[in-house]
Amino acid sequence: MSDEFVGSGDPAYEAKVLMISVAARMAGMHPQTLRQYDRLGLVQPGRAAGGGRRYSVRDVVLLREVQRLSQDDGINLAGVKRIIGLERLLEQAQQRVARLEAELDAAYRRIAELEALARFPGSDLVPTNRTSTALVVWRPRRGPER
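Rules used in this analysis
Residues numbered from 1 in each chain as written. Predicted model: local features only at pLDDT ≥ 70, side-chain atom pairs only at ≥ 80, totals over all residues. Heavy atoms only, no water. Helix = DSSP H or I, 4+ residues; strand = E, 2+ residues; numbered from the N terminus. Contact = heavy atoms within 4.5 Å. UniProt positions renumbered as here; feature names shortened; annotations may be inferred. Axes fitted to C-alpha atoms, helices over the stretch in contact; angles between N-to-C directions. Parallel < 35°, antiparallel > 145°, perpendicular 65-115°, else oblique. Nonpolar A, V, L, I, M, F, W, Y, C, P; charged D, E, K, R; others polar. Pairing = 2+ DSSP bridges. Left-handed = near helix turned anticlockwise from the far one by under 90°. Salt bridge = Lys/Arg side-chain N within 4 Å of Asp/Glu carboxyl O. Buried < 20%, exposed > 50% of the residue type's maximum accessible area, 1.4 Å probe, protein only.

An unreviewed UniProt entry annotates the chain as Helix-turn-helix transcriptional regulator originating from Micromonospora reichwaldensis.

Novice: I keep staring at the overall build of the chain and nothing clicks. Help me out?
Specialist: Along the chain, the regular secondary structure elements total 5 helices and 3 strands. Across the chain, helices and strands are ordered from the amino to the carboxyl terminus as α-β-α-α-β-β-α-α. Pairs at least 24 residues apart make up 58% of the contacts formed inside the chain by residues separated by at least 6 positions.

Novice: For this particular structure, what's the right way to read the UniProt feature "coiled-coil region" (unreviewed entry) in the chain?
Specialist: On the UniProt side, "coiled-coil region" (unreviewed entry) is annotated at positions that read residues 83-117 here. What you have in residues 83-117 is 100% helix and 0% strand, and the ends, taken at the C-alpha atoms, are 51 Å apart.

Novice: Got a minute to help me understand the packing of helix α2 (residues 20-27) against helix α3 (residues 31-40) in this structure?
Specialist: Working note: a packed helix pair is described by the angle between its axes plus the distance between those axes. One way to put it is that α2 packs onto α3 with a least axis distance of 8 Å and a crossing angle of 100 degrees. Overall, the two elements α2 and α3 adopt an arrangement that is roughly perpendicular. Residues I20, A23 and A24 of α2 pack against P31, L34 and R35 of α3. Along the lines of polarity and charge, the residues of the contact of α2 with α3 split into 5 nonpolar, no polar and 1 charged.

Novice: Just checking my understanding: could you explain the sheet that holds strand β1 (residues 18-19) for this structure?
Specialist: The strands that make up a sheet are held in pairs by hydrogen bonds between backbone atoms, and each pair lies either parallel or antiparallel. The strand order across the open sheet formed by 3 strands is β1-β3-β2, and the pairing between neighbours is antiparallel. Strands at the two margins of the open sheet, each flanked by one partner only, are β1 and β2 (46-47). Alignment of β1 against strand β3 (residues 53-55), held across 2 bridges, turns out to be antiparallel. Residue pairing in the sheet places L18 in a bridge with Y55 of β3.

Novice: Explanation requested: the packing of α2 against helix α4 (residues 57-72) in the structure shown.
Specialist: At a minimum axis distance of 9 Å, the contact between α2 and α4 shows a crossing angle of 50 degrees. Between α2 and α4, the crossing angle belongs to the class labelled oblique. α2 and α4 meet at a crossing whose hand is right-handed. Across the interface between the two elements, A23, M26 and A27 of α2 pack against V60, L63, R64 and Q67 of α4. Across the contact of α2 with α4, the residue classes break down as 5 nonpolar, 1 polar and 1 charged.

Novice: What am I meant to see in the pattern of salt bridges here?
Specialist: Should the charged atoms of two oppositely charged side chains come close, the side chains can pair. The full count for this structure, using the stated rule, is 8 salt bridges. Between K16 and D59 there is a salt bridge, with the nearest N and O atoms lying 2.7 Å from each other. On the criterion of sequence distance, the pair formed by K16 in the loop between α1 (11-14) and β1 and D59 in helix α4 is long-range, its members being 43 residues apart. Overall, the relative accessible area of 6% leaves D59 in the buried class. Close ionic contact of R53 with D38 constitutes a salt bridge, the shortest N to O distance being 2.7 Å. Residue R53 is found in strand β3, and its partner D38 is found in helix α3; the two are separated by 15 residues along the sequence. You can call D38 buried: its relative accessible area is 16%. Taken together, the salt bridges that share partners define one network made up of E14, R58 and E91.

Structure, rendered in structure tokens:
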């Protein structure tokens, strides 16, 4: 499925504008097959004001993938549904990782900016490899000493 999702960043790719007859023709399937896949939850089309199904280009790509997995690879529809669900989870996880990496990069850049502004860059953190068990007792002075 990954090779076919080239346009996934384009809003037109996600727009639910294709009538069932058009989507079925584009996917090389009968419209009744699309209705069955909708009932099974394999593909979730949008709905027009009158209740008619509306598909996106992404849905058509997914329909082709369902067909390929079921016909060419011999996977039953329950297995196809599981594969599609796992691929969605993977895609979401990849998007989250990309967002987190961008946030981390921004944080590192901000740290570098702040260190560049510091009077003595890097001097507030002193790395040490030693651990100490020393105990220091401090008592404030009380009045002038004689």
